[in-house]
Amino acid sequence: MEKLAREDAWNLLTEYTETPALQQHALMVEAVMRHFARLAGEDEEVWGVAGLLHDLDYEKYPEEHCKKATEIMEERGIDPVYIRAMNCHGYGICTDTKPESAMEKTLYTVDELTGLIHAACLMRPSKSVLDLELKSLKKKFKSKSFAAGVNRDVIRQGSEMLGMELDDVMRESIEGLKESADITGLRGNL
Ligand SMILES: [Fe+2]
Ligand SMILES: [Fe+2]
């Protein structure tokens with residue numbers, strides 16, 4: 001496959017995404033993807049870039065989410081591996097591209113989960129991921145009214161696809177965000 005440099009991916013993302021919150025979401029998903037790539041002994045750069053680009057079209061074309069991103073990425077000659085991964089994150093929601101590779105399954109799972117973790121961090125006095133414990137995240141996961149937009153079924157199904165316990169997926173996602181707290185802005189006031 002032809003790898004896309006992280007810098008080129010970032011430039012492409014920011015060309016289409018100006019909203020700081022959306023850029024932050026992309027950085028969080030990138031960070032967790034990198035962490036899971038390391039765990040799996042896979043290519044951290046490739047997984048990270050796939051994470052960075054997954055919502056490429058969301059700011060400008062929310063009604064055509066994934067479809068527009070496919071067009072944009074194809075026009076730029078971006079490797080199909082990234083395009084397929086991007087489509088997989090919308091599986092059952094806006095695409096029918098089923099996650100198959102470990103990278104695709106991970107992206108599908110952690111996209112929603114990072115949203116939940118971010119919301120959980122914002123509820124904390126520290127506004128930080130650094131003192132967020134698994135136990136606390138699990139409570140938030142079970143509370144349906146908390147961050148109600150986060151699709152728990154996707155997280156559950158994704159963990160199953162990965163053959164991982166939900167607790168482990170959550171623990172490692174927190175870990176990935178702790179490692180990158182300065183990049184993703186999740187250090188809060190700690
Ligand atoms: Fe998305
Ligand atoms: Fe996303």
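Above this note sits the structure.
Since this is a predicted model, take the numbers as computed values, not measurements.

Trainee: What should I look at first to understand the environment of L52 in this one?
Mentor: Its place among the elements puts L52 in helix α3 (residues 44-53). Put simply, L52 and L113 are 61 residues apart on the chain and 15 Å apart in space, counted from C-alpha to C-alpha. Those residues in contact with L52 that sit more than four places away from it in its chain are R6, A9, W10, L13, A26, L27 and E30.

Trainee: Would you mind showing me how to read the coordination of the iron ion (ligand 1) here?
Mentor: Each pair of donors in an ideal octahedron of six around a metal sits at 90 or 180 degrees, and each pair in an ideal tetrahedron of four sits at 109.5 degrees. Those protein atoms acting as donors to the iron ion (ligand 1) are D55 (OD), H65 (NE2) and H89 (NE2), and they sit at 2.1 to 2.2 Å. For the iron ion (ligand 1), all donor residues lie on one chain, and their spacing in sequence is D-x9-H-x23-H. Here the iron ion (ligand 2) and the iron ion (ligand 1) are spaced 3.8 Å from one another, each receiving a donor from D55. Taken together, the positions of H65 in the loop between α3 and α4 (67-75) and H89 in the loop between α5 (80-88) and α6 (102-122) put the pair 24 residues apart, joining distant regions of the chain.

Trainee: Explain the coordination of the iron ion (ligand 2) to me, please; I cannot follow it from the model alone.
Mentor: Those donors, H25 (NE2), H54 (NE2), D55 (OD) and D111 (OD), are the protein atoms that reach the iron ion (ligand 2), and they lie 2.1 to 2.2 Å from it. Bound by four donor atoms, the iron ion (ligand 2) shows angles of 83 to 176° at the metal and therefore irregular coordination geometry.

Trainee: Whenever I open this one, the environment of S126 confuses me. Can you help?
Mentor: Inspection of the secondary structure assignment puts S126 in the loop between α6 and α7 (134-142). Sequence spacing of S126 and D79 is 47 residues, and the spatial spacing of their C-alpha atoms is 40 Å.

Trainee: Quick question: what am I supposed to make of helix α1 (residues 6-16) here?
Mentor: Side chains that are three or four residues apart share a direction in an α-helix, a result of its 3.6 residues per turn. For α1, the set of buried residues is A9, L12, L13 and Y16. With its buried residues spanning 100° around the axis, α1 presents them on a single face. On the buried face of α1, the contacting elements are α2 (20-40), α3 and α4.

Trainee: Got a minute to help me understand the pattern of salt bridges in this structure?
Mentor: Side chains carrying opposite charge are able to pair once their charged atoms draw close together. Following the criterion strictly, the structure yields 16 salt bridges and no others. Of the charged contacts in the structure, one is a salt bridge between R38 and E44, with a shortest N-O distance of 2.8 Å. Note on R38: relative accessible area 42%, which makes it partly exposed. E104 is the salt-bridge partner of R84, the closest N and O atoms lying 2.7 Å from each other. Of this pair, R84 sits in helix α5 while E104 sits in helix α6, placing them 20 residues apart in sequence. For R84, a relative accessible area of 28% puts it in the partly exposed group. Residue class for E104 comes out buried when judged on its relative accessible area of 7%. One network of salt bridges, with partners in common, ties together R6, E30, R34, R38, E44, E45 and E179.

Trainee: Teacher, can you tell me more about the nonpolar core here?
Mentor: General note: in soluble globular proteins, nonpolar side chains tend to be found buried as a group. Of all hydrophobic cores here, the largest spans 53 residues; its most connected members are L53, I117 and V129. Listing elements by their share of this core, those giving two or more residues are α1, α2, α3, α4, α5, α6, α7 and α9 (166-179). In this structure, I117 is in contact with V129, L132, L137, S173, I174 and L177, ignoring residues within four places of it in sequence.

Trainee: I would appreciate a short explanation of the packing of α6 against α7 in the present structure.
Mentor: Relative placement of two packed helices is described by the angle separating their axes and the distance separating the axes. Running from N to C, α6 and α7 cross one another at 110°; their axes reach a closest spacing of 10 Å. As judged from the angle between their axes, α6 and α7 are roughly perpendicular. In terms of crossing hand, the pair formed by α6 and α7 is right-handed. Contacts between α6 and α7 involve L113, L116, I117 and A120 from the former and L137, K140 and F141 from the latter. The residue inventory of the contact of α6 with α7, partitioned by class, reads six nonpolar, no polar and one charged.

Basis of the calculations
Residues numbered from 1 in each chain as written. Chains lettered and ligands numbered in written order. Predicted model: local features only at pLDDT ≥ 70, side-chain atom pairs only at ≥ 80, totals over all residues. Heavy atoms only, no water. Helix = DSSP H or I, 4+ residues; strand = E, 2+ residues; numbered from the N terminus. Contact = heavy atoms within 4.5 Å. Donors = N, O, S within 2.8 Å, 3.2 Å for Na, K, Ca; no water. Tetrahedral: all angles 85-135°; square planar, octahedral: opposite > 155°, others 65-115°. Buried < 20%, exposed > 50% of the residue type's maximum accessible area, 1.4 Å probe, protein only. Arc of directions from axis to C-beta. Salt bridge = Lys/Arg side-chain N within 4 Å of Asp/Glu carboxyl O. Core = buried A, V, L, I, M, F, W, Y, C linked by side-chain atoms within 4.5 Å. Axes fitted to C-alpha atoms, helices over the stretch in contact; angles between N-to-C directions. Parallel < 35°, antiparallel > 145°, perpendicular 65-115°, else oblique. Left-handed = near helix turned anticlockwise from the far one by under 90°. Nonpolar A, V, L, I, M, F, W, Y, C, P; charged D, E, K, R; others polar.

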